[in-house]
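# A structural walkthrough
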Amino acid sequence: MKYILGAVLLSFLMVSCAKEEPHNFKLKGYVKGLKKGTVYLQKQQDSLLITLDSLEIKGDSNFELHTDLEEPEILTLKLDKNDDKENWVSFFADTGVTEIRSTRKLFNFNSVIIGSKQQEVLEEYLSTISILYNRNLDVLESNFNTNSSTTFNEQQQKSLKQKYSYTIQFALNNRNSEVAPYLAVYEIPNTTVRYLDTIYKTLTPPIKASKYGKLLKETIDLRSSEAHN
């Protein structure tokens, strides 16, 4: 009898400890004006978005979502199941706590993210890309108003070259961050294999071994194989 009671108690303690084991990543969110709905923490796996955690909102605009990360990677916070870009925001997550504050209206545009060092690097990149994009719009408007001989397509190609050039240089300058291979794979997919290979070779060993470092190597190998077929 004592043995049975002891076994039951041990099992209870094991289950309790398992339930209390904390996740290594926490997302603390606040969305002003969000009183009802569901928030989803997701990540891309192959071509699908996988839900890691979700929570139904019932009046309180503050919420927490949790998961376990094996390494830094891009996650997505989505409002409801609507795939409209205004209803989700992606960020570079790492173990620890990330905070996202925004508004129900223009959720993506108004989002403020405080979290990983990778997110800080990514935001530095996105800030400059935004400046280049706005500058391109100004040039297009100026060309239209002055009847410039520069065509829309020519200006678009020039803008794209600027983006690719900046992205390549940014990746080379941040070779010790997981952001570098991520940008190489997702932001400049049509650049030459030579540039992708240059970025990969400059990465530090830990970054080469990361999720996006491996993905960059796979991309280079695939593109090289296709070029020889």
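Residues numbered from 1 in each chain as written. Predicted model: local features only at pLDDT ≥ 70, side-chain atom pairs only at ≥ 80, totals over all residues. Heavy atoms only, no water.

By the naming in an unreviewed UniProt entry, the protein chain is DUF4369 domain-containing protein, taken from Psychroserpens ponticola.

Taken in spatial order, the 4 strands line up as β3-β2-β5-β6 in an open sheet, and their pairing is antiparallel. Looking along the sheet, the strands with just one partner apiece sit at the ends: β3 (48-58) and β6 (88-93). Mean inter-strand twist for the sheet, computed between neighbouring axes without regard to direction, equals 25 degrees. With 4 bridges joining them, strand β2 (residues 36-45) and strand β5 (residues 73-79) adopt antiparallel strand pairing. Each bridged residue has a counterpart across the sheet, and for leucine 41 the counterpart in β5 is leucine 77. (Pairing = 2+ DSSP bridges. Helix = DSSP H or I, 4+ residues; strand = E, 2+ residues; numbered from the N terminus. Axes fitted to C-alpha atoms, helices over the stretch in contact; angles between N-to-C directions.)

Mapped onto the secondary structure, leucine 183 falls in helix α5 (residues 179-186). We classify leucine 183 as buried; its relative accessible area is 0%. When the C-alpha atoms of leucine 183 and alanine 171 are compared, they prove to be 7.0 Å apart, with 12 residues separating the residues in sequence. The contact partners of leucine 183, leaving out residues within four places of it in the chain, are Leu122, Tyr125, Thr167, Phe170 and Ile188. (Buried < 20%, exposed > 50% of the residue type's maximum accessible area, 1.4 Å probe, protein only. Contact = heavy atoms within 4.5 Å.)

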